[in-house]
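Residue-level listing of the chains:
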Amino acid sequence: MADPSSYRPKPGQIPDSPGVYKFRDEHRRVIYVGKAKNLRQRLANYFQDLAGLHPRTRTMVTTAASVEWTVVSTEVEALQLEYSWIKEFDPRFNVKYRDDKSYPYLAVTLNEEFPRVQVMRGAKKKGVRYFGPYGHAWAIRETVDLMLRVFPVRTCSAGVFKNAERTGRPCLLGYIGKCSAPCVGRVTPEEHRDLAEDFCDFMAGRTGTYIRRLEKDMMQAAEEMEYERAARLRDDAEALKRAMEKSAVVLADATDADLIAVAEDELEAAVQIFHVRGGRVRGQRGWVTDKVEAVDTAGLVEHALQQLYGEETGDSVPKEVLVPALPEDPDAVSQWLADRRGSQVSLRIPQRGDKKDLMGTVQRNAQQALGLHKTKRASDLTTRSRALEEIAEALGLDTAPLRVECFDISHLQGDDVVASMVVFEDGLARKSEYRRFQIKGFEGQDDVRSMHEVIGRRFKRYLQEKERTGEWEDTPAPTGPVPAPTGPVPAPTGPVPAPGGPVPAPGGTGETDGADEVGGTVETPRTVETPGTVEAGGTVETPGTAETPGTVETPGTGEPGPGVAPAAQEPVTVREEPREDDGRPKRFAYPPQLVVVDGGQPQVAAAKRALDELGIDDIAVCGLAKRLEEVWVPDDDDPVVLPRSSEGLYLLQRIRDEAHRFAITYQRAKRAKRIRSSPLDDVPGLGETRKQALIKHFGSVKKLRQATIDEICEVPGIGRRTAESVAAAFATAAPAAPAVNTATGEIIEEDDGGSRT
C-alpha cells in the first residue's frame, strides 16, 4: 500500500486551469481518470488526511503510485479527453456501465441503391437511419410486418436480391404484396427510395399525414364503387394504427427527448433510458454499474451521458435530455452534446407536467432493474463463491482461486495443432484475456508435449513482464554458447544474458499468440517474434514484448538481441511495441491462482514440469479428465473426486468446456484457411483482384499451372516479373491430391474447363 504523500506534487507544480488527470499504479497502469475545472483544487482533495476520504477514494489513492495531468483550454475539451481516456485505458476505479445485452435497432439502409429495412445490432454505420433501440427483435419484426402492407420496402439480403435479379422472379414477399419487387423492375430506384423515405417519416412520428391520406383514398374508392380497393386501403390504415399502438403517446407536443433515471445504493447503481421520438416511446435500455469510486447522482448522470452519446452524432442526440440531477458543470456537458448533435441541446430536470410524470415512470423502471439485478447477483455471487471455496478445499489451496486459467490442445490427426487459454475471474469468463497459440516446436500429435510448450510460453511471458516492471530480479546464467534447440527443452528460468560465444540460428519459426475473442469471432493469428531469449521448441522471443490487439505488423529486420549472434539474424516481421508507460494492461501480465488443463495425469505433470523449469512454485495446477470428470493434481496417483452435485465441479466443467470451444473454433478456422490456400498465396505482391483475374482468364487452376510465362503476361495487370513468380510458385508447389467421390470411391478428374467430372 503506497503512501499518497510519497507522490504528492508540490502545490506550485499543479496549474489552476481546466484539465484531465490520471492516477497510475506502481506498474504504470492507469487506474483512475478524472477531470476538473481547477486541477489544483481538485487534486488537493485527494491528498488530505486518509481518514477523511471516502473508502473507495482512499483505496484508489493508496493503490496509486503517481499522478499526471493534461491542461486543456475549456471544460468541454476536458469532458471529451476524459471520455477518450476512459475508453482507451479502462481504469479499474472509474464507473463503467455494464450493458448485459446488445439492443436491436430498426435500420433503413439509405446508403444503398435500393434501401433495405432490417434489424441491426452493434456499431452504427454511416448512411443508415436507425430507430430504437427496442427491447426485443421480435417487436421490430412485428412492427415491420404491419407496415410493409403500406410501405412495401425491400427487406431481403443482398444474396437473395441478386438471385432474384438473375432469375427474374421475385421472392415470396413480392408475390403477396409486401415488397415492391425492385429486383425485377416493378418499381424504379427512385420510386423505391420514396417508399423508404415515407417509411422513415412514419417511424419518426409523422403518422397523421399517411393515415389521413389512406382514409381519403378509401372513401374515394368507395364512392367509385371500387370496394375491393377500398377494403384494402381500410386494412392498410388499420395496420398503421396497430403499429402506432405498439408505442403509446406519452408526450402530446411530439417531443424528441431522452429521459435518464438513476436508482442507486451504497454499492451499485442502475440507469434506465427512455427514447421518446415524436411524443412516443421508441426504445428503452438500461445499465448497471458497481460504484467503484466515490460518485453521487450527478456524477452517475454524467458518466451515463458520456457512454450514451460518446459515439453518437447528428439526430442520434435528441434536442432535449431530461435527467434527475444536473452534472457538476451542466453548461460544459450541454455544449459537448450540442457539438455532437450539431445544434442546441437542452439538458434539464423536468419540473412539472407530462415530462415529470414520465420521468417518474423511468425512475420506477430503474428501481425495479436494480432490485432484479441485486436478486440475481446475490444468487449468482453466492453460487460462484461456494464453487470457488469447494475448489480451494478440494485442492488444498490457502485461498479461493479468484483468477483461473485453463488450457486445451486441439488438432485433427496431428495437423494444425493449436492451443487455447481462457480466463475466469471470480467465476466469470474474462474474454478480453483469452489467448490462443500455434504449436510450432514440433510436428505431429503429442498433447503432453504441446501442453508443456504452451504452459512454458505463457509463463515465460509472465516472468518477462515481471522483469520489465522491476518485480523480479535477474538470476545470473552461465555464459557460453547456447545450442539451438531441436526438440522440447526446458525454458530458461530467467532471461538469457549475452553468451560468451557464437550462437547458432534458432531452429523454430516463432510463436503465434492469440487474439482476443469478441462475441466468438475468430481472427487471424498474429505473429510476434524478434530475436531474443531462446524458448522451448526453437522459438525465440524478445523479453517484454507485449502486443496490443489490433496493431499492424510492419516488416523489419530484427536487431541483435541477447543470446543471439549477429550473424544469425534474419529479416523478421515485428510489431510496434506499445510504450512501457502507456498504462494499458499488458498481455500475460497477471498470474492466475490456479491453472487447469484439459486432460489427466500426463497433461498435469507436463504443466507442472513447465512451471518448475521456470522456477514458479506459487501457482496451483490441476487437470479435469473428460471420461469420469476426475480432478487430477501433480504428484498424486489418485484423482480427486468431487460430488456430481458439486458447484466446484460444475465451474471446472464450464471452464474446461469454454477452453475446448475456443481451441476447436481456432483450429477449424486455421484448417479451413489451409484448405482454401493455393500456390498463388505465396506469390509476393499478388492480391485477390489479380488472383481472380488469372483464374478468370485461364478458366481453372489446372490451365494456369500449364500456362507459360508469356501466356501469363497476357492477363491485364500481370507484368513479366509477376508472371515469373507465378510460374515459379506452381513449379515448386506439390500437385494437389485428386478429389474422391466418397459415395462411389472413384477419383474425380478435372476437365479442361476446370470443372470436376
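Here the residue numbering is sequential within each chain, running from 1 through the sequence in written order. With the structure being a predicted model, the display of local features is reserved for residues of pLDDT at least 70 and the display and counting of side-chain atom pairs for 80 or more, all residues being used for whole-chain, interface and lining totals. Hydrogens and waters are ignored; side-chain quantities use all the structure's heavy atoms.

Draft legend 1. Region of the structure containing the environment of Val448. Take Val448: it is sitting in helix 13 (residues 447–469). For every residue, the accessible area (1.4 Å probe, protein chains only) is compared with the maximum for its type, and the residue is labelled buried under 20%, exposed over 50%, or partly exposed between those bounds. Assessed through its relative accessible area of 27%, Val448 is described here as partly exposed. Taking the C-alpha atoms as reference, Val448 lies 8.5 Å from Ala607; in sequence the two are 159 residues apart. Dropping the residues within four chain positions of it, Val448 is found in contact with Pro602, Gln603 and Ala606. The helix and strand labels rest on DSSP assignments: H or I over at least four residues marks a helix, E over at least two residues marks a strand, and numbering proceeds from the N terminus. By definition in these notes, contact holds between two residues if any of their heavy atoms fall within 4.5 Å.

Draft legend 2. Just helix 19 (residues 720–732), in detail. Take the residue count of a helix, subtract one, and multiply by 1.5 Å to get its expected span. Between the first and last C-alpha of helix 19 there are 18 Å, a value that for 13 residues agrees with the 18 Å anticipated at 1.5 Å per step. Those residues of helix 19 not exposed but buried are Thr722, Ala723, Val726, Ala729 and Phe730. The buried residues of helix 19 occupy one face: seen down the axis, they fall within an arc of 125 degrees. Projecting away from the buried face of helix 19 at angles above 90 degrees are the exposed residues Arg721, Ala731 and Thr732. In this structure, the buried side of helix 19 is in contact with helix 16 (688–698), helix 17 (701–706) and helix 18 (709–713). Directions drawn from the helix axis to the C-beta atoms are what define this arc.

Draft legend 3. Layout of the sheet that holds strand 5 (residues 117–120). Only strands that DSSP links by at least two bridges are regarded as paired with each other. The strand order 5-4-6 describes an open sheet built from 3 strands, whose pairing is antiparallel. The strands lining the two open edges of the sheet, one partner per strand, are strand 5 and strand 6 (129–131). Each strand of the sheet is rotated relative to its neighbour by a mean of 30 degrees, with strand direction disregarded. Pairing between strand 4 (residues 105–108) and strand 5: 4 bridges, direction antiparallel. Paired with Leu106 across the two strands is Val119, which belongs to strand 5. Sheet strands touched by helix 7 (residues 189–203): strand 4, strand 5 and strand 6. Its angle to strand 4, the strand with the most contacts, is close to 150 degrees. Axis definition: a line fit to C-alpha positions, over the contact stretch in the case of helices; interaxial angles, taken between N-to-C directions, run 0 to 180 degrees.

Draft legend 4. Examining the packing of helix 3 (residues 75–89) against helix 10 (residues 297–309) more closely. Direction vectors running N to C along helix 3 and helix 10 enclose 75 degrees, while the axes themselves pass 11 Å from each other. Compared by their axis directions, helix 3 and helix 10 come out roughly perpendicular. Residues Leu79, Glu82, Tyr83 and Ile86 of helix 3 form the contact with helix 10, whose own contacting residues are Glu302, Gln306 and Gln307. Gly counts as polar in this scheme, as do all residues outside two lists: the nonpolar Ala, Val, Leu, Ile, Met, Phe, Trp, Tyr, Cys and Pro, and the charged Asp, Glu, Lys and Arg. Partitioned by chemical class, the residues of the contact of helix 3 with helix 10 number 3 nonpolar, 2 polar and 2 charged. Any angle from 65 to 115 degrees is called roughly perpendicular, while one under 35 is roughly parallel, one over 145 is roughly antiparallel, and all others are oblique.

Draft legend 5. Inspection of helix 16 at higher detail. For helix 16, the set of buried residues is Lys691, Leu694 and Phe698. Viewed end-on, helix 16 has its buried residues packed into an arc of 60 degrees, placing them on one side of the element. For helix 16, the exposed residues lying more than 90 degrees away from the buried face are Glu688, Thr689, Gln692 and Lys696. Looking one or two places after helix 16, you find Gly699, whose phi comes out positive at around 95 degrees.

By themselves, these figures tell us nothing about what the structure is for.
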